[in-house]
Amino acid sequence: MDDIKIMAIESSCDETSVAVVKNGREIISNIISSQIDMHKKFGGVVPEVASRMHLEVINNIVREALEEAKLSIDDIDAIAVTKGPGLVGALLVGISEAKALSYACKKPLVGVNHMKGHICAAFITHKELEPPFICLLVSGGHTYLVHVKDYNNMEVIGKTIDDACGEAYDKVARCLGMNYPGGPEVERLAKLGNDNSKKQKNEEISKEDVCASFQRAVFDVLIFKTEKLMKEKKLNTLVVSGGVSANNTLREEINKMCEKNGFKSYFPDKILCTDNAAMIASSGYYEYISGVRSDLTLNVEPNLELEN
């Protein structure tokens, strides 16, 4: 079977990314242009600003991804693009670019669910990984427990009923006067704090203790629910993905739980935990080889859920 090269475009939030991935597992190029420095000024992502910044750079990022891959658009088999979930204006920039390239270069178009992309990031890092497995998906906008039955057959077993894990980190950070994005800073201070701290009368509350206690509360619940689901489904393979999966303490705690139960844990490389186009290309590959195609009526789905 000939190698299949998928070029993917990701613009769901505040990263503009274009990648070329071979056979769903091998990164040939993965260019990521982050907007974090701009959004720091506002304490969070401003949707209109994000959309305009995507628009300014996306053509250059496409060009750069092809140059780094040492390929021309003629060498690409299909174009994958994030269709949702995400910020509607930001998604529109990526989909418009993908549709234009698909039409002008006569390449098949594949719309991809961003959350499936996060799961598929693990396939790039771990070439031997195959379904079925349980995935704990912890990102800025979503917290899911997913039964990954096959590459294109995924069932959400549980999800947050309020704020997603990453969003909670950002809100705690803001309450404590930290910069956006809050996750890395909360993790840093948590290591210096006591995770069993309690508020004492007339005593100043330590930011480090608050961060440590918050992080402990979050991880205890995530790990308890994950362990319970794996036992119920009688599966011993766990993938942890999404932006929060880059947290070193979470990785350590997950590994302890897995070691205790004889489970095997897989995490994407940290560069693949946050938003990137390589994971979209990987998911797009599995959609493409199963016969999925999108036409030029493809539209954004900002509230798209993860489903079969």
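Details of the structure are given in the entry above.
Residues numbered from 1 in each chain as written. Predicted model: local features only at pLDDT ≥ 70, side-chain atom pairs only at ≥ 80, totals over all residues. Heavy atoms only, no water.

*Asks:* Looking at this model, I keep getting lost on the overall build of the protein. Mind explaining?
*Replies:* Summing up its helical and strand segments, the protein has 9 helices and 10 strands in all. Against the 2.2 N^0.38 benchmark of 19 Å for 308 residues, the protein shows a C-alpha radius of gyration of 20 Å, consistent with a compact globule. Considered along the principal axes of its C-alpha atoms, the protein spans approximately 70 × 45 × 30 Å. When burial is assessed residue by residue, the protein has 52% of its 308 residues classed as buried. Restricting to contacts in the protein with at least 6 residues of sequence separation, those with at least 24 account for 68%. Of the roughly 14400 Å² of accessible surface on the protein, a fraction of 49% belongs to carbon and sulfur atoms. Here the protein holds 36 positive side-chain charges and 44 negative ones, and the gap between their average locations is 3 Å. (Helix = DSSP H or I, 4+ residues; strand = E, 2+ residues; numbered from the N terminus. Rg over C-alpha atoms; globule rule 2.2 N^0.38 Å. Buried < 20%, exposed > 50% of the residue type's maximum accessible area, 1.4 Å probe, protein only. Contact = heavy atoms within 4.5 Å. Areas by Shrake-Rupley, 256 points an atom, 1.4 Å probe, with all protein chains shown as cover. Lys, Arg positive; Asp, Glu negative; His and termini not counted. Charge placed at Lys NZ, Arg CZ, Asp CG, Glu CD.)

*Asks:* Looking at this structure, I do not really get the pattern of salt bridges. What am I missing?
*Replies:* It is possible for side chains of opposite charge to pair when their charged atoms get near one another. Overall, the coordinates contain 16 salt bridges when judged by the stated rule. The salt bridge partner of K191 is E187, with a shortest N-O separation of 4.0 Å. For E187, a relative accessible area of 11% gives the class buried. Counted as one network, the salt bridges with shared partners bring together D195, R216, D220, E253 and K256. (Salt bridge = Lys/Arg side-chain N within 4 Å of Asp/Glu carboxyl O.)

*Asks:* Looking at this structure, how should I read the sheet that holds strand β7 (residues 143-150)?
*Replies:* Pairing is mixed across the open sheet formed by 5 strands, whose spatial order is β8-β7-β6-β9-β10. Edge positions in the sheet fall to β8 (153-159) and β10 (264-266), since each of these pairs with one other strand and no more. This sheet shows a mean twist of 25° between the axes of neighbouring strands, independent of strand direction. In this sheet, β10 lies alongside strand β9 (residues 237-241) in parallel orientation, the contact comprising 3 bridges. Within β10, the residue paired with T237 across the bridge is K264. (Pairing = 2+ DSSP bridges. Axes fitted to C-alpha atoms, helices over the stretch in contact; angles between N-to-C directions.)

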